[in-house]
Protein chains: 2
Amino acid sequence: MNFQEKYDSYLNIFNARLESFCRSLECKPEILSESMKYSLQSGGKRIRPVLMLAVAELLGVDAEVVLDYALSLELIHTYSLIHDDLPEMDNDDYRRGKLTNHKVFGAGNAVLAGDALLNTAYSILFDCCKKGREYVDAAGFICDGAGVNGMIAGQSADLYCEANKINDEKWLQYIVKNKTAKLITAAVAAPCVLKGGKYFLEFKQFGEDLGILFQLVDDILDEKGSFDKLGKTIGKDKEENKLTYVSFYGIDESCVIADVIYDRCIKLLDGIEGDTEFLKQIAAFVRHREV
Amino acid sequence: MNFQEKYDSYLNIFNARLESFCRSLECKPEILSESMKYSLQSGGKRIRPVLMLAVAELLGVDAEVVLDYALSLELIHTYSLIHDDLPEMDNDDYRRGKLTNHKVFGAGNAVLAGDALLNTAYSILFDCCKKGREYVDAAGFICDGAGVNGMIAGQSADLYCEANKINDEKWLQYIVKNKTAKLITAAVAAPCVLKGGKYFLEFKQFGEDLGILFQLVDDILDEKGSFDKLGKTIGKDKEENKLTYVSFYGIDESCVIADVIYDRCIKLLDGIEGDTEFLKQIAAFVRHREV
């Protein structure tokens, strides 16, 4: 299988679980489930679930075992996008080529759709916790990655720096490490927790590097990409004086940093036994993606 | 001890845990923890934690065992108030006599403060889950009460009826049962789950009735109460054509219904062994409160 075939095979496994979840989700009033599904089913790369399935396979953890964790992670990621896009946050009209949640359902319903996705993610994880202690630990690890020392801290720092026109390297790194890298770290390290901690530190570091790389390339694409490919408004970071890799280092130096971090990802994977080829290809995809 | 002394004794136990939580909560940027603490420390009756501690004592469950559940419940309740008060939701300027979260910190930070409280509540509960299966079940029960078949469904239905000018008894009951009663049910039934299901059905029914009673009296106070006592703007329900007990049945019939539900609460408690006196007094307090 080439990279794309392998990626799609993981994607298909995940999408089947996601679709079954969406089919079973019926709320009263309907607008609640409709607004949740609208954002869940609007595509996206699903890179977190794919990463989780790939690491699980490498470690010999059954896909069945991690699928609910992958689902909850995608729910958490999707809630964060809906709230991030709100008028009082990033005020985005488009996401993945479609109108953002609040543009379709109104801001009040979008707030609730986000809350609902976050809460449902944990409802799924509490069910997983019934299976034993390592399942509890993996759930807690994901929750911490999403929380006040993780993704939410990064979002808050992002707002803070924008409001206070802060242009500082330490804050930039703090934002990226938390807002983007913590959930990607959760994706690759949670299977290690389920496997009793095997390669936990290695994958934690890999997740952090890959997450930073992901955001770095996102920042580059916001400057150099196109709406047609990315499905979202381009050039917004600059327009809003956002603190990003590109605004701080410029495009050329950002590309150099991206190459350095990419190399670090590969070296980390070289230290792990088993077939890490696909994970290396994901790192290359993250570095060179145009979408 | 009279009722107030007993209430205060539970309140003091809970407030000590809450204060210790707040002291240990330090986020970067500070505005994240400050906005969370602002709403957590703005007072309120803390009726959910007090109920949980009272039921735990009745069942012989150690206060220590339920305190983290009580804390997480109060965090969930507080997040729901912050998001409910947002301009795109109820658009409230005052809560408990103080400016609402978004009025102080801005809507973006208020969205994040709510997200952060919800996420932290579950982080605390995942820690509890390490102690064994009944702890997992109690955490899952609280999560379901807060979720898309619980509180969030009620909030969504509330928005839906307001947007569509629906004036319907079934929707009214659905809103109240979910938006208000599900978390109060979680407060009184979670200790039963921790005790292997003892009196679970009885307390589930008691929680639902007490929750409905709580909301009914809230609706009456919105019509008849005062800002000085309630600390929030009065008459807003009517002004915004909200579907409430008072708008649907009128004040007099609402009071009759409240008395009927109060009687049902007392009968339910009569069916439970042990000293239910304090819980009866809470029901009386909920029925006749002016705050």
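Residues numbered from 1 in each chain as written. Chains lettered and ligands numbered in written order. Predicted model: local features only at pLDDT ≥ 70, side-chain atom pairs only at ≥ 80, totals over all residues. Heavy atoms only, no water.

Chemist: Account for the interface of chain B and chain A, naming residues and giving values.
Modeler: Contact with chain B, which involves 47 residues of that partner, is made by 47 residues of chain A. Summed over both sides, the interface of chain B with chain A buries roughly 3,900 Å², with 71% coming from carbon and sulfur. Counting the surface chain B buries against chain A, the share from its top three residues, Lys28(B), Asn119(B) and Phe126(B), is 18%. Between chain B and chain A we count zero salt bridges in total. Elements that contribute at least two residues to the side of chain B that touches chain A include exactly helix H2 (30-40), helix H4 (63-85), helix H6 (107-129), helix H7 (133-146), helix H8 (151-163) and helix H9 (169-179) of chain B. Tallying contributions element by element places H6(B) first for the side of chain B that touches chain A, with 15 residues. Its residues placed into classes, the side of chain B that touches chain A shows 30 nonpolar, ten polar and seven charged. (Contact = heavy atoms within 4.5 Å. Buried area = accessible area lost by both parts, 1.4 Å probe. Salt bridge = Lys/Arg side-chain N within 4 Å of Asp/Glu carboxyl O. Helix = DSSP H or I, 4+ residues; strand = E, 2+ residues; numbered from the N terminus. Nonpolar A, V, L, I, M, F, W, Y, C, P; charged D, E, K, R; others polar.)

Chemist: Before we move on, can you summarise empty space enclosed by the protein with the specific residues and values?
Modeler: Residue and element names in this part refer to chain A. For the coordinates displayed, the defined rule picks out four cavities of 30 Å³ or more. Of the voids in this model, the largest cavity is the one considered here, and its volume is about 100 Å³. Lining the largest cavity are 13 residues, with Ser39, Ser42, Asp85, Arg95 and Asn101 positioned closest to its centre. Elements with a minimum of two residues in the lining of the largest cavity: helix H2 (30-40), helix H4 (63-85) and strand E2 (98-99). A total of four residues in the lining of the largest cavity trace back to one element, the largest contributor, which is H4. Looking at the lining of the largest cavity residue by residue, the class counts come to four nonpolar, five polar and four charged. (1 Å grid on protein atoms, 1.4 Å probe; cavity = no way out; pocket = protein on both sides within 12 Å on 5 of 7 lines; lining within 4 Å. Points joined across faces, edges and corners; volume = space filled by probe spheres on them.)

Chemist: Residue-level account of the nonpolar core, with values.
Modeler: Core analysis: the largest hydrophobic core is formed by 223 residues, its most contacted members being Tyr122(A), Phe203(A) and Tyr122(B). In terms of residues, this core owes the most to one element, helix H9 (residues 169-194) of chain A, which gives 16 residues. Apart from the residues within four sequence positions on either side, Phe203(A) is in contact with Val55(A), Leu58(A), Val188(A), Ala189(A), Cys192(A), Leu269(A), Ile272(A) and Leu279(A). (Core = buried A, V, L, I, M, F, W, Y, C linked by side-chain atoms within 4.5 Å. Buried < 20%, exposed > 50% of the residue type's maximum accessible area, 1.4 Å probe, protein only.)

Chemist: Before we move on, could you go through the side chain of Ser39(A) and cite the residues and values that matter?
Modeler: Residue and element names in this part refer to chain A. Residue position: Ser39 is located in helix H2. The buried category is assigned to Ser39, whose relative accessible area is 10%. A distance of 2.8 Å separates a polar atom in the side chain of Ser39 from a polar atom in the side chain of Asn101. Ser39 has contacts with Thr78, Ile82, Arg96 and Asn101, leaving out every residue within four places of it along the chain. (Polar contact = N/O pair within 3.5 Å; in protein donor to acceptor, adjacent residues only side chain to side chain.)

Chemist: Could you give me a rundown of the pattern of salt bridges, with the residues and numbers involved?
Modeler: For the coordinates displayed, the defined rule picks out 32 salt bridges over all chains. Arg287(B) is the partner of Asp259(B) in a salt bridge, and the nearest nitrogen-oxygen pair spans 2.7 Å. With Asp259(B) in helix H14 (residues 245-270) and Arg287(B) in helix H15 (residues 277-288), this pair connects stretches of sequence that are 28 residues apart. Given a relative accessible area of 34%, Asp259(B) falls into the partly exposed group. Here Arg287(B) falls in the buried class, since its relative accessible area comes to 10%. When the shortest N-O distance is used, the salt bridge between Asp270(B) and Lys280(B) registers 2.6 Å. Linking Asp270(B) in helix H14 with Lys280(B) in helix H15, this pair joins segments that are ten residues apart in sequence. One continuous salt-bridge network, built from bridges that share partners, spans Asp84(A), Asp90(A), Asp158(A), Glu162(A), Lys179(A) and Lys242(A).

Chemist: I'd like a description of the relation of the copies chain B and chain A, backed by residues and values.
Modeler: Superposing chain B onto chain A takes a rotation of 180° plus a shift of 0.0 Å along the axis, which leaves an RMSD of 0.0 Å. Put plainly, the chains are arranged around a two-fold axis. In this assembly the copies share their binding face: 100% of the residues contributing to the interface of chain B also contribute to that of chain A. (Least-squares fit on C-alpha atoms with pLDDT ≥ 70 in both.)

Chemist: An account of a negative patch on the surface is needed here, citing residue identities and associated values.
Modeler: All names here are of chain B. On the surface, Asp168, Glu169, Asp252 and Glu253 cluster together into a patch of negative charge. Structurally, Asp168 can be placed in the loop between H8 and H9. Taking relative accessible area as the criterion, Asp168 reaches 30% and is therefore assigned partly exposed. (Patch = residues over 30% accessible without salt bridge, like charges linked within 9 Å, V, L, I, M, F, W, Y side chains within 5 Å. Areas by Shrake-Rupley, 256 points an atom, 1.4 Å probe, with all protein chains shown as cover. Lys, Arg positive; Asp, Glu negative; His and termini not counted. Charge placed at Lys NZ, Arg CZ, Asp CG, Glu CD.)

Chemist: Talk me through unusual backbone geometry; I want residue IDs and the actual numbers.
Modeler: With an omega of 0°, the peptide bond running from Lys28(A) to Pro29(A) counts as cis. Within the secondary structure, Pro29(A) sits in the loop between helix H1 (3-24) and H2. For Arg46(B), which is not glycine, the phi dihedral falls at a positive 55°. Counting through the fold element by element, Arg46(B) comes out in the loop between H2 and helix H3 (47-59). Given the relative accessible area of 6%, Arg46(B) is considered buried. One non-glycine residue, Lys165(B), lies in positive phi territory at about 50°. One can find Lys165(B) in the loop between H8 and H9. Its relative accessible area of 73% is what places Lys165(B) among the exposed residues.

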